[in-house]
Amino acid sequence: MRTLDLDALLPEIAAQVQPLARQGQQADYIPALADADPNRFALATCDLTGAEHAVGDADVPFAIQSIAKVFSLTLALQHVGEDLWKRVDREPSGDPFNSLIQLELDEGVPRNPMINAGALAVCDVLLERCDDPDGEVRALLSELCGEPIGIDDEIREAERRAGHRNTAMAHLMSAFGNLHTSVEAVMSTYAGLCAVTMTTRQLARAIRFLANGGVDPKTGHRVVPEALARRINAVMLTCGTYDSAGQFAYEVGLPCKSGVAGAIVADAPGRLGMCAWSPPLDASGNSRAGGAALHLLAERAKLSVF
Ligand code: DON
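Participant: Give me the lowdown on helix H11 (residues 226-239), citing residues and values where you can.
Facilitator: With 14 residues, H11 should cover 20 Å at 1.5 Å per step; its first-to-last C-alpha distance of 20 Å lies within 8% of that length. Looking at H11, one finds that the buried residues are Leu228, Ala229, Ile232, Asn233, Val235, Met236, Leu237 and Cys239. Looking at the buried residues of H11, the elements they touch are helix H3 (68-80), helix H12 (245-251), strand S6 (256-258) and strand S7 (263-268).

This is the structure we're talking about:
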């Protein structure tokens, strides 16, 4: 798609989807998310040559929350490769991202690394191998977006304090022998990942290695082998938007990952990295206007993988 087209298309999409934010409700389990401005909106793309397009609040930082799960998964696959799947499965859950029921029925093996239980198992795998796992994920993100990125200590602390369900999941996994380090260390790492702050523009850049066969298009550095990049994309497509992954596959047709602060990243293999941000969420925890923005962008720019 030519530069000119995206220049015109992004503002058009923004105007069309922004009103949908009123149908959503922002996360309220911690003050930083409850107090977020529901009128914030951004949509950004970055292609494999580095050409960027953005509309709205694309340079305003927010907590990336569950979007970090893509990058902690990437780091874990760098460390242990396909052995990771001994600790976490790769099936869509069809349940809310913080559900405990399935974890009990599946004997402590989380359905996939995009839901909370799976991300906790990934943190555990990283803690067994790295001194500072969330620091390493931040370093990876910073390298991929080409800029320093932040962490919000207030959010990190709030996540720790409010993380009762996550702590319960970590204990349950421990009881089944699927947690090898301490619940406290896993929770601290997980909270640090939720509290990483980035902008919509930075996230659109950072996700591009998955659109480029596992290689960062800016530096040429191979992040993961091509086969693993395909697998991460597959897990994002089938599991990245929780119990709405089927709907996202149908409407957007791209590997996507959402976070409760209202951002959704996606990549179009061979083409673009992209990110939409609008804090109000739908019932599954995905940004209402952000999802609609990606739907329209994928349709108008013919990005779907199908
Ligand atoms: O752990 C939690 O419940 C929140 N920090 C939500 C993370 C998120 O974005 C959605 N979860 N997968």
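Participant: Describe the site of the ligand, listing the residues and the values that go with them.
Facilitator: Taken together, the neighbourhood of the ligand is formed by 14 residues, with Gln65, Ser66, Asn116, Tyr190 and Val260 sitting nearest. One of the side-chain nitrogen or oxygen atoms of Gln65 is found 2.7 Å away from a nitrogen atom of the ligand. Within the contact set of the ligand, an oxygen atom lies 2.8 Å away from a backbone nitrogen or oxygen of Val260. Protein burial of the ligand: of its 340 Å² of free accessible surface, 96% is covered by the chains.

Participant: Before we move on, can you summarise the nonpolar core with the specific residues and values?
Facilitator: Core analysis: the biggest nonpolar cluster contains 65 residues, and Phe71, Leu84, Leu141 and Met198 have the highest contact counts within it. Beyond its immediate sequence surroundings of up to four residues, Leu141 is in contact with Ile64, Phe71, Ile149, Val196, Met198 and Ala206. Among the nonpolar cores identified, the runner-up in size contains 29 residues, and Leu254, Ala266, Ala276 and Ala289 belong to it.

Participant: Describe the packing of aromatic side chains, naming the residues involved and giving the relevant values.
Facilitator: The description of an aromatic ring pair rests on the distance of the ring centres and on the angle between the ring planes. Going through the model one piece at a time under the given rule, you end up with three aromatic pairs. Consider the rings of Phe97 and Tyr242, whose centres lie 4.8 Å apart with planes at 45°: the pair is tilted. Of this pair, Phe97 sits in the loop between H3 and helix H4 (101-105) while Tyr242 is found in the loop between H11 and H12, placing the two residues 145 residues apart along the sequence. Considered together, Phe97 and Tyr242 belong to a single accessibility category, that of buried residues.

Participant: Lay out the side chain of Gln202 in plain terms, naming residues and giving numbers.
Facilitator: Inspection of the secondary structure assignment puts Gln202 in helix H10 (residues 200-206). A distance of 2.6 Å separates polar atoms of two side chains, one belonging to Gln202 and the other to Glu147. Contact partners of Gln202, with chain neighbours within four places excluded, come to Cys145, Glu147, Pro148 and Ile149.

Participant: Residues and numbers for the sheet that holds strand S5 (residues 196-198), please.
Facilitator: Strand order in this open sheet of three strands is S3-S5-S4, and the pairing throughout is antiparallel. Edge positions in the open sheet fall to strand S3 (62-63) and strand S4 (150-151), since each of these has one partner strand only. Looking at chain direction, S4 and S5 are connected through two bridges and run antiparallel. Pairing of Gly150 across the sheet is with Thr197, part of S5. Against the sheet, helix H6 (residues 133-145) engages S4 and S5, with an angle of about 10° to S5.

Participant: Help me get a handle on the packing of helix H5 (residues 116-127) against helix H8 (residues 164-175), residues and values and all.
Facilitator: Axis separation between H5 and H8 bottoms out at 10 Å; the angle between their running directions is 60°. In terms of their interaxial angle, H5 and H8 are classed as oblique. Considering the relative orientation of H5 and H8, their crossing is right-handed. Contact with H5, carried on its side by Asn116, Ala117, Leu120 and Ala121, involves Asn166, Met169, Ala170 and Met173 of H8 and no other residues of that element. Class assignment of the residues belonging to the contact of H5 with H8 gives a composition of six nonpolar, two polar and no charged.

Participant: Lay out the environment of Glu12 with the relevant residues and their values.
Facilitator: Inspection of the secondary structure puts Glu12 in helix H1 (residues 3-17). In the structure, Glu12 is positioned 43 residues away from Val55 in sequence and 9.6 Å away in space, judged by C-alpha atoms.

Participant: Could you give an account of the environment of Leu103, with specific residues and numbers?
Facilitator: Note on placement: Leu103 falls in helix H4. Overall, Leu103 belongs to the buried group, its relative accessible area being 3%. Leave out the neighbours within four places in its chain, and Leu103 touches Gly108, Val109, Pro110, Ala117, Met169, Leu172, Met173 and Phe176.

Participant: Help me get a handle on the sheet that holds strand S1 (residues 42-47), residues and values and all.
Facilitator: Taken in spatial order, the five strands line up as S2-S1-S8-S7-S6 in an open sheet, and their pairing is antiparallel. Looking at which strands have only one partner, the edges of the open sheet turn out to be strand S2 (52-56) and S6. Averaged over all neighbouring strand pairs, the angle between strand axes comes to 10°, with direction disregarded.

Participant: Tell me about the pairing of S1, and please be specific about residues and values.
Facilitator: A large share of S1 lies buried, amounting to five of its six residues. Sheet analysis places S1 next to S2, joined by five bridges and oriented antiparallel. Each bridged residue has a counterpart across the sheet, and for Ala44 the counterpart in S2 is Ala54.

The rules behind each value
Residues numbered from 1 in each chain as written. Predicted model: local features only at pLDDT ≥ 70, side-chain atom pairs only at ≥ 80, totals over all residues. Heavy atoms only, no water. Helix = DSSP H or I, 4+ residues; strand = E, 2+ residues; numbered from the N terminus. Expected span 1.5 Å × (residues − 1). Buried < 20%, exposed > 50% of the residue type's maximum accessible area, 1.4 Å probe, protein only. Contact = heavy atoms within 4.5 Å. Near = heavy atom within 4 Å. Polar contact = N/O pair within 3.5 Å; in protein donor to acceptor, adjacent residues only side chain to side chain. Areas by Shrake-Rupley, 256 points an atom, 1.4 Å probe, with all protein chains shown as cover. Core = buried A, V, L, I, M, F, W, Y, C linked by side-chain atoms within 4.5 Å. Phe/Tyr/Trp six-rings, centres within 6.5 Å; stacked < 30°, edge-to-face > 60°. Pairing = 2+ DSSP bridges. Axes fitted to C-alpha atoms, helices over the stretch in contact; angles between N-to-C directions. Parallel < 35°, antiparallel > 145°, perpendicular 65-115°, else oblique. Left-handed = near helix turned anticlockwise from the far one by under 90°. Nonpolar A, V, L, I, M, F, W, Y, C, P; charged D, E, K, R; others polar.

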